[in-house]
Each structure stands twice: as structure tokens, then as C-alpha cells.
Amino acid sequence: MSNAFALLGLPRIAALDDEALQQAWLAASRSAHPDQPGGDAAHAAEINSAYETLQAPEKRLKHLLDLHAVPWRTVPIDEAMMSLFSKMGPALQSVAAFLKRKQTATSALAKALLAPDEMRLREQLESLGTTLDSERTALLADLPAFDSRLSAGDTTALTDLQILQARLAYFGKWQAQVREALLSLM
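The structure presented is a predicted model; accordingly, all values stated were derived computationally and were not measured.

Overview of the packing of helix 8 (residues 143–151) against helix 9 (residues 157–184)
Move 1: Packing of helix 8 against helix 9 leaves a shortest axis separation of 9 Å and a crossing angle of 155°. As far as their axial angle goes, helix 9 and helix 8 are roughly antiparallel. Once helix 8 is placed against helix 9, the crossing between them reads as left-handed. Seen from helix 8, the contacting residues are Leu-143, Phe-146, Arg-149 and Leu-150; seen from helix 9, they are Ala-157, Leu-158, Asp-160, Leu-161 and Leu-164.
Move 2: Residues that form the contact of helix 8 with helix 9 fall into these classes: seven nonpolar, no polar and two charged.

Given below as C-alpha cells:
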């Protein structure tokens, strides 16, 4: 992909304002739309792809790192994230086991007896989801500081940004798994 920031006329920064991003996308989309004079379907698709990339923080940071030619590397999970991960696995396994039990429950009484377990699992997942949301929000709050470090020429900022990007990607995946598990309980 080409430079998504340049396609939308935005600065190459980690902490993009959502409103500014949307306005830039709308303006670029209008002019590139195939129904407009001079519009082009391929260019419109490229603009939409750029918007999708910049809208998701983990994708935006990955793109920013690619633009800075930072080589990909494995980022180990720190102890706090490992603690969250160690809660995720058992919770998701419990949901899977519960769903099997629920599927085999044929009578109304058998299904009613499962209600307390279902409520406990929902509460556990909601609590886990809230924790994931707050951790992710805290990471996103660090983005302006990274922009300051990058503009000041801090050579370690890109390495730290790579770690932040990996953590955001983990949180995004875990949040999706929790949402999916909650939906499966409905």
C-alpha cells in the first residue's frame, strides 16, 4: 500500500484525531468517487483502504512503522499482559464447555439449570472485556507522547512504538474473542 497518510492529506503521526481523519476521508472520497468528474474507482478504493488502515490504531501504527522501514520483529508479552492472557484462556474454554452442555440440554428444566452458569460466564466475560477496554484506552493515551518523541528525533521511539503496536494488536484480538464469546452465549 502507498502512504495512507499522504493519500488522505494527513500528517504522519501515531495520534490521529478521529474527526480529522473522517473529514479527510470524506473530502478525498468525494473527489475520487467514480461518479464525480475526474473520479476513479481504483483511486476511490485506495482511499477507502487508507481510511481503514488509519482508523484502527494497531493498523495505523503498523503502517507508520512500515513507512519508517522498521523491520518486523517478535515482541514478547510482558507480565501484566501475560496475566490477562492467563485469564482469557480459561474463560474462553469455560464458555466452549458450557455451550456444549447447553446444546445437549433438551428439556426446559435442564436449560433452566444452566442459567446460573451462563450468568456467571457472562459476568466474567464482561469484566474481562472492561479490563481489556481500559488497558487499551491507556495504551492509546500514550500515542501523543510517541509523536513528540518521534518529532524530537528520539531513536528509541520507533522500537517502543513497535512494542505498543503489538500490544494493541493483542488487545484487539482479545477484545474480539470476548465479544464473540458473549454473542455465543446469547
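Quick notes on the side chain of Gln-165
Move 1: As for its position among the elements, Gln-165 is in helix 9.
Move 2: Dropping the residues within four chain positions of it, Gln-165 is found in contact with Glu-58, Leu-61, Lys-62 and Leu-65.

Details of the nonpolar core
For soluble globular proteins, the rule of thumb is that nonpolar side chains tend to be buried together.
Move 1: Counting residues in each nonpolar core, the largest one holds 45 residues, and the members touching the most others are Leu-8, Leu-54, Leu-125, Leu-161 and Leu-164.
Move 2: When contributions to this core are tallied by element, the ones reaching two or more residues are helix 1 (4–7), helix 2 (18–32), helix 3 (41–55), helix 4 (57–67), helix 5 (79–104), helix 7 (115–141), helix 8 and helix 9.
Move 3: When residues of this core are assigned to their parent elements, the largest contribution, nine residues, is made by helix 9.
Move 4: Ignoring sequence-local partners within four residues, the contact set of Leu-161 consists of Ala-14, Leu-61, Leu-64, Leu-65, Phe-146 and Leu-150.

Structural notes on the side chain of Arg-60
Move 1: Its place among the elements puts Arg-60 in helix 4.
Move 2: Buried within the structure, Arg-60 lacks any salt-bridge partner; its nearest side chain of opposite charge belongs to Asp-18, at an N-O separation of 4.7 Å.
Move 3: There is a polar contact of 2.8 Å between the side chain of Arg-60 and the backbone oxygen of Leu-54.
Move 4: Here Arg-60 is in contact with Phe-5, Ile-13, Ala-14, Ala-15, Leu-16, Thr-53, Leu-54, Gln-55 and Leu-143, once residues within four sequence places are set aside.

Thoughts on the environment of Ile-77
Move 1: Within the secondary structure, Ile-77 sits in the loop between helix 4 and helix 5.
Move 2: With a relative accessible area of 26%, Ile-77 lands in the partly exposed category.
Move 3: Along the backbone, Ile-77 and Ala-166 are 89 residues apart, and their C-alpha atoms lie at a distance of 8.8 Å.
Move 4: What Ile-77 contacts, discounting residues up to four positions off in sequence, is Met-82 and Tyr-170.

What to know about helix 3
Move 1: Between the first and last C-alpha of helix 3 there are 21 Å, a value that for 15 residues agrees with the 21 Å anticipated at 1.5 Å per step.
Move 2: Burial in helix 3 covers these residues: Ala-44, Ile-47, Ala-50, Tyr-51, Thr-53 and Leu-54.
Move 3: As for helix 3, its buried residues are in contact with helix 1, helix 2 and helix 4.

Digging into the packing of helix 7 against helix 9
Move 1: Between helix 7 and helix 9, the shortest axis-to-axis distance is 10 Å and the interhelical angle comes to 155°. What the angle tells us is that helix 7 and helix 9 run roughly antiparallel. As helix 7 packs across helix 9, the resulting crossing turns out to be left-handed. The residues of helix 9 that touch helix 7, namely those facing Arg-122, Leu-125, Glu-126, Leu-128, Gly-129, Leu-132, Asp-133, Glu-135, Arg-136, Leu-139 and Leu-140, are Leu-164, Arg-167, Leu-168, Phe-171, Trp-174, Gln-175, Val-178, Ala-181 and Leu-182.
Move 2: Looking at the contact of helix 7 with helix 9 residue by residue, the classes come out as twelve nonpolar, two polar and six charged.

Description of the packing of aromatic side chains
Move 1: With the rule as written, the count across this model stands at four aromatic pairs.
Move 2: Seen from their ring centres, Trp-25 and Tyr-51 are 4.4 Å apart, and the 20° between their planes marks the pair as stacked. Pair noted here: Trp-25 is in helix 2 and Tyr-51 is in helix 3, with a separation of 26 residues, a long-range link.
Move 3: In textbook terms, an aromatic cluster arises when at least three aromatic residues are bridged by ring pairs, as seen for Phe-85, Tyr-170, Phe-171 and Trp-174.

Definitions and cut-offs
- Residues numbered from 1 in each chain as written.
- Predicted model: local features only at pLDDT ≥ 70, side-chain atom pairs only at ≥ 80, totals over all residues.
- Heavy atoms only, no water.
- Axes fitted to C-alpha atoms, helices over the stretch in contact; angles between N-to-C directions.
- Helix = DSSP H or I, 4+ residues; strand = E, 2+ residues; numbered from the N terminus.
- Parallel < 35°, antiparallel > 145°, perpendicular 65-115°, else oblique.
- Left-handed = near helix turned anticlockwise from the far one by under 90°.
- Contact = heavy atoms within 4.5 Å.
- Nonpolar A, V, L, I, M, F, W, Y, C, P; charged D, E, K, R; others polar.
- Core = buried A, V, L, I, M, F, W, Y, C linked by side-chain atoms within 4.5 Å.
- Buried < 20%, exposed > 50% of the residue type's maximum accessible area, 1.4 Å probe, protein only.
- Lys, Arg positive; Asp, Glu negative; His and termini not counted.
- Salt bridge = Lys/Arg side-chain N within 4 Å of Asp/Glu carboxyl O.
- Polar contact = N/O pair within 3.5 Å; in protein donor to acceptor, adjacent residues only side chain to side chain.
- Expected span 1.5 Å × (residues − 1).
- Phe/Tyr/Trp six-rings, centres within 6.5 Å; stacked < 30°, edge-to-face > 60°.

Geometric descriptors of this kind do not, in isolation, establish any biological role.
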